Amino acid sequence: MNDADEGTRGPGDSNVADYKVILRRVLDNRPSGTRLKLAAALGKNRSFVTQITNPAYLVPIPAKHVSIIFEVCHLSGGERAAFLEAYGRAHPGRLRAPHREARTRTVTVTVPDLGDDKKNRALEQLVVDFAARLARYAESVG
């Protein structure tokens, strides 16, 4: 961000950039495929993850996505605290209750080996995407 940008941005904009910088740094230090897993868990495409991790885009991260981000990206305690502090500065009151750790369970699914790494990764991503959507559906009706 250069000095010319500063004059056109609102007071909370630097805080939005702050938490996006933290999230981008976290994702840069995670295994490849984490961005795709995050997109699937959020029910969005990969370009959405690019927007929410790029400080140049002032598109805020919706509060409902924060716990999913923490779960998929495995933020450390320090990373979470820094993210939540910047998020709270950018969006006061948006995270109404103190952030609770999302409870999760691990379910093992056996799938066929398709004999091709690319096909196997695509199948795994379909299963992850389906599970995330199914969980969101179950939460909305339950």
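For the structure itself, look to the data block above.
These lines cover the structure that appears in this document, whether it is placed above or below. A quick note: this is a predicted structure, and the numbers were derived from the prediction, not measured.

## What about the nonpolar core?
Residues Y19, L38, I61, I69, C73 and F83 are the most contacted members of the largest nonpolar core, which totals 26 residues. The set of elements that each furnish at least two residues to this core consists of α2 (13–28), α3 (34–42), α4 (46–53), α5 (63–73) and α6 (77–90). Not counting the four nearest positions on each side in its chain, Y19 is found in contact with P60, I61, F83, A86, Y87, A90 and H91.

## Focus on a nonpolar patch on the surface
A contiguous nonpolar patch, built from F130, L134, Y137 and V141 and spanning about 460 Å² of accessible area, is present on the exposed surface. If you trace the backbone, Y137 turns up in helix α7 (residues 117–141). Residue Y137 is classed as exposed on the basis of its relative accessible area, which comes to 53%.

## A short note on the packing of aromatic side chains
Following the criterion strictly, the structure yields four aromatic pairs and no others. Between Y19 and Y87 the ring centres are 4.9 Å apart and the planes differ by 45 degrees, which places this aromatic pair in the tilted class. Here Y19, found in helix α2, pairs with Y87, found in helix α6; they are 68 residues apart in sequence, far enough to count as distant. Pair check on accessibility: Y19 and Y87 agree, each one buried. Of the aromatic side chains, those joined through ring pairs into one cluster are Y19, F70, F83 and Y87.

Cut-offs and rules
- Residues numbered from 1 in each chain as written.
- Predicted model: local features only at pLDDT ≥ 70, side-chain atom pairs only at ≥ 80, totals over all residues.
- Heavy atoms only, no water.
- Core = buried A, V, L, I, M, F, W, Y, C linked by side-chain atoms within 4.5 Å.
- Buried < 20%, exposed > 50% of the residue type's maximum accessible area, 1.4 Å probe, protein only.
- Helix = DSSP H or I, 4+ residues; strand = E, 2+ residues; numbered from the N terminus.
- Contact = heavy atoms within 4.5 Å.
- Patch = residues over 30% accessible without salt bridge, like charges linked within 9 Å, V, L, I, M, F, W, Y side chains within 5 Å.
- Areas by Shrake-Rupley, 256 points an atom, 1.4 Å probe, with all protein chains shown as cover.
- Salt bridge = Lys/Arg side-chain N within 4 Å of Asp/Glu carboxyl O.
- Phe/Tyr/Trp six-rings, centres within 6.5 Å; stacked < 30°, edge-to-face > 60°.

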